[in-house]
Number of protein chains: 2
Amino acid sequence: MPNDHDILFKTLSDPTRRGIFERLCREGEQTVAALTAGAGVSQPAVSKHLGLLKQASLVRDRRQGRETHYRAELAALTPLVDWATQLPGFWRNRFDDLEDLLKRMDQ
Amino acid sequence: MPNDHDILFKTLSDPTRRGIFERLCREGEQTVAALTAGAGVSQPAVSKHLGLLKQASLVRDRRQGRETHYRAELAALTPLVDWATQLPGFWRNRFDDLEDLLKRMDQ
DNA sequence: CAGAGGCATAACCATTCGGTTATGTGACGA
DNA sequence: TCGTCACATAACCGAATGGTTATGCCTCTG
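In this report, the structure presented in the accompanying data block is examined. (Residues numbered from 1 in each chain as written. Chains lettered and ligands numbered in written order. Predicted model: local features only at pLDDT ≥ 70, side-chain atom pairs only at ≥ 80, totals over all residues. Heavy atoms only, no water.)

**Here we look at the overall build of chain A**
Item 1. Across its full length, chain A holds six helices and three strands.
Item 2. Helices and strands appear in chain A in the N-to-C order α-α-β-α-α-β-β-α-α.
Item 3. A globule of 107 residues ought to have a C-alpha radius of gyration of about 13 Å, yet chain A, at 18 Å, is considerably larger.
Item 4. Out of the 107 residues in chain A, the part that is buried amounts to 41%.
Item 5. Partitioning the intrachain contacts of chain A with sequence separation of at least 6 by distance along the chain shows that 50% fall at a separation of at least 24.
Item 6. Of the charged side chains in chain A, 16 are positive and 15 negative; the average position of the first set lies 8 Å away from that of the second. (Helix = DSSP H or I, 4+ residues; strand = E, 2+ residues; numbered from the N terminus. Rg over C-alpha atoms; globule rule 2.2 N^0.38 Å. Buried < 20%, exposed > 50% of the residue type's maximum accessible area, 1.4 Å probe, protein only. Contact = heavy atoms within 4.5 Å. Lys, Arg positive; Asp, Glu negative; His and termini not counted. Charge placed at Lys NZ, Arg CZ, Asp CG, Glu CD.)

This is how it looks when you write it as C-alpha cells:
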C-alpha cells in the first residue's frame, strides 16, 4: 500500500523525469515534442515519464487538437516539503546554520 | 554523473529505507538490532539500507564494541527542501493556501 | 580460549525500471 | 480523402533494485 510520500519520492527519484518536471516549472506549459527536444531520450520515453508525473499529480495535461500541453502542478510538492520540515530536528539544524551565518557576518 | 539531488531522492524513494530514517529522526540513535526489530525485513537488509543512507549522508554511524549505533543527519535534507522551495511558483502556491485558510477563518 | 552475539558482506534471485523500436489513433492540411 | 503530424501504447530488453540465506569478522563473556 504505497502512500502519498512513496509515490512522490519514487516519481522524483529519476533524474530524467525530474528534469522534465523542473523544465515545466521554469519554462511553463510545454508540448510533448518541446519536452522531448532536450530531454535526451526518445518521445515514447518522455510520454511515459509524463504519465508517471501525472499519476503523482505533479503535472496536468491539456489536449488541444493533436497536441498535448503539460504544465507543472507545484501544489503536489507540498507533502514532500512538509515531510522534511516536520521531522523533529529539521529546523533546529537550520537555525544552527543561521547562527553560523550571523556569526560570520559579525566578524 | 549523479548529483546531490539524485542520490537524495533515490535514497529516500524506498519506503523501508525512509522508514528507518524516520525512526532515527523520531527516536534518536539506534543500534542495528533495534532498527531491525520493527523494520519488517531481515538484519542484512537493514544493514544494506543503512549503508545507502550513510552514503547519502543521511545517517552517521558510531561503533561501540560490537554494536554500531546510527543516528539521523538532518542537515542532509537541506538540499531537498531547497530544491522544492526554490522552484519558481512554489511559494506562490503556498500563499494561495494561506489565503484560502484566512478566508475560511474569516467566515 | 571457546562460544555466542552483533553486524557487515557475499552470493543469489525475482521484480521493477527506464530505455528502445514498432505500431495504433485521432486531428490537421493539401 | 489521403497522407502526415503529435502523441500514446505495446512489446520487449538489459540493468538496477530490494529482498533472501549463508557466511565472515570482531568483540564480549564464561
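From this point, the narrative continues.
**Here we look at the packing of aromatic side chains**
Aromatic ring pairs are described here by two measures, namely the spacing of the ring centres and the angle between the planes.
Item 1. According to the stated counting rule, one finds seven aromatic pairs over all chains in the structure shown.
Item 2. Judged by centre distance (5.2 Å) and plane angle (85°), the ring pair of A:Phe90 and A:Trp91 falls under edge-to-face.
Item 3. Exposure remark for A:Trp91: the relative accessible area of 42% places this residue in the partly exposed category.
Item 4. One aromatic cluster is present, formed by A:Phe9, A:Phe21, A:Trp83, B:Phe9, B:Phe21 and B:Trp83 through successive ring pairs. (Phe/Tyr/Trp six-rings, centres within 6.5 Å; stacked < 30°, edge-to-face > 60°.)

**Remarks on helix α6 (residues 90-106) of chain A**
Item 1. Taking 1.5 Å of rise per residue, 17 residues should cover 24 Å, and α6(A) covers 25 Å from first to last C-alpha, within 8% of that figure.
Item 2. Looking at the buried side of α6(A), the elements it contacts are α5 (78-85) of chain A together with α5 (78-85) of chain B. (Expected span 1.5 Å × (residues − 1).)

**Here's the deal with the protein's contact with DNA strand C**
Item 1. Near DNA strand C there are 22 residues, and of these A:Ser42, A:Lys48, A:His49, B:Ser47 and B:Tyr70 occur at the shortest range.
Item 2. A share of 65% of the atoms of DNA strand C within 4 Å of the protein falls on sugar and phosphate groups.
Item 3. Note that a phosphate oxygen of DNA strand C is positioned 3.0 Å from one of the side-chain N or O atoms of A:Thr16.
Item 4. A distance of 3.4 Å separates a sugar or linking oxygen of DNA strand C from a polar side-chain atom of B:Thr68.
Item 5. When residues of the surface near DNA strand C are traced back to their parent elements, those giving at least two are α2 (15-27) and α4 (43-55) of chain A together with α3 (32-36), α4 (43-55) and β3 (67-72) of chain B.
Item 6. Looking at which element gives the most residues to the surface near DNA strand C, the answer is α4(A), with four residues.
Item 7. Taken together, the residues of the surface near DNA strand C sort by class into seven nonpolar, eight polar and seven charged. (Near = heavy atom within 4 Å. Polar contact = N/O pair within 3.5 Å; in protein donor to acceptor, adjacent residues only side chain to side chain. Nonpolar A, V, L, I, M, F, W, Y, C, P; charged D, E, K, R; others polar.)

**Looking at the interface of chain B and chain A**
Item 1. Tallying the contact residues gives 29 residues for chain B and 29 residues for chain A.
Item 2. Carbon and sulfur atoms supply 66% of the area that chain B and chain A bury against each other, a total of about 2,600 Å² over both sides.
Item 3. For the pair chain B and chain A, the interface holds two salt bridges.
Item 4. A salt bridge links A:Asp6 to B:Arg18, with the nearest nitrogen and oxygen atoms 2.4 Å apart.
Item 5. The tally of links from chain B across to chain A stands at four residue pairs in polar contact (both at pLDDT 80 or more). (Buried area = accessible area lost by both parts, 1.4 Å probe. Salt bridge = Lys/Arg side-chain N within 4 Å of Asp/Glu carboxyl O.)

Honestly, it's all geometry; don't read function into it.
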